[in-house]
Amino acid sequence: MVIASIFNGYGGGMLASIKANIPITKYYYSEIDKYANIVMDANFPDAIPIGDVTKVDASSFNHDVDILMGGSPCQGFSFAGKQLMDKLDQRLLKEKEKNNDS
């Protein structure tokens with residue numbers, strides 16, 4: 001399977017795929033956090049970084065992707081940060097609440 005992960009973080013999607021015995025042929029990931037990228041490189045050296053998700057040209061991404069996954073940007077929720085929610089965090093939280101109600 002070819003997997004693309006956006007807002008990849010420290011590789012939870014990769015780890016979950018491995019634990020679920022999903023046969024991974026290629027794993028592309030988008031992440032801007034320097035330390036998350038260092039961890040990904042150390043733990044999953046075959047994973048392919050594609051940079052900032054806002055700068056990826058989807059039309060030039062001519063790979064057959066079987067699974068597209070992503071974590072939500074977590075800075076607004078993280079105990080490691082200042083927990084300052086931005087507009088994206090607020091929208092994601094509202095969508096989650098809306099989906100929980102249905």
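What this report covers is the structure whose coordinates are included nearby.

### Considering unusual backbone geometry
Next up, step 1: The backbone phi angle of Phe 7 is positive, close to 50 degrees, even though this residue is not glycine.
Next up, step 2: By the element assignment, Phe 7 lies in the loop between strand E1 (2–6) and helix H1 (12–19).

### Topic: the pattern of salt bridges
If the charged atoms of two oppositely charged side chains come close together, the side chains can form a pair.
Next up, step 1: For the coordinates displayed, the defined rule picks out 1 salt bridge.
Next up, step 2: Taking the shortest distance from any N to any O, the salt bridge between Asp 52 and Lys 55 comes out at 3.7 Å.
Next up, step 3: Judged by relative accessible area, which is 23%, Asp 52 ranks as partly exposed.

### Examining the sheet that holds strand E2 (residues 26–30)
Through backbone hydrogen bonds, the strands of a sheet pair up, either in parallel or in antiparallel fashion.
Next up, step 1: Taken in spatial order, the 4 strands make up an open sheet running E3-E2-E1-E4, and their pairing is parallel. Each of the sheet's edge strands pairs with one partner strand only, and the pair in question is strand E3 (48–49) and strand E4 (67–70).
Next up, step 2: Of the strand pairs in this sheet, E1 and E2 are connected by 5 bridges, and their pairing is parallel. Paired with Ser 5 across the two strands is Tyr 29, which belongs to E2.

### Comments concerning H1
Next up, step 1: Among the residues making up H1, those that are buried are Gly 13, Met 14 and Ser 17. Burial along H1 is one-sided: seen end-on, the buried residues are contained in an arc of 100 degrees.
Next up, step 2: In this fold, the buried residues of H1 make contact with E1, E2 and E4.
Next up, step 3: Positive backbone phi, at 60 degrees, marks Asn 21, one or two positions downstream of H1.

### A closer look at the pairing of E1
Next up, step 1: Extensive coverage of E1 is indicated by the burial of 4 of its 5 residues.
Next up, step 2: Read as a crossover between parallel neighbours, the route from E1 over H1 to E2 is right-handed.
Next up, step 3: Judged from the 4 bridges that link them, E1 and E4 form a sheet pairing that is parallel. Each residue of the ladder has a partner; that of Ala 4, found in E4, is Leu 68.

How each quantity is defined
- Residues numbered from 1 in each chain as written.
- Predicted model: local features only at pLDDT ≥ 70, side-chain atom pairs only at ≥ 80, totals over all residues.
- Heavy atoms only, no water.
- Helix = DSSP H or I, 4+ residues; strand = E, 2+ residues; numbered from the N terminus.
- Salt bridge = Lys/Arg side-chain N within 4 Å of Asp/Glu carboxyl O.
- Buried < 20%, exposed > 50% of the residue type's maximum accessible area, 1.4 Å probe, protein only.
- Pairing = 2+ DSSP bridges.
- Arc of directions from axis to C-beta.
- Contact = heavy atoms within 4.5 Å.
- Right-handed = clockwise from strand over helix to strand, strands pointing away.

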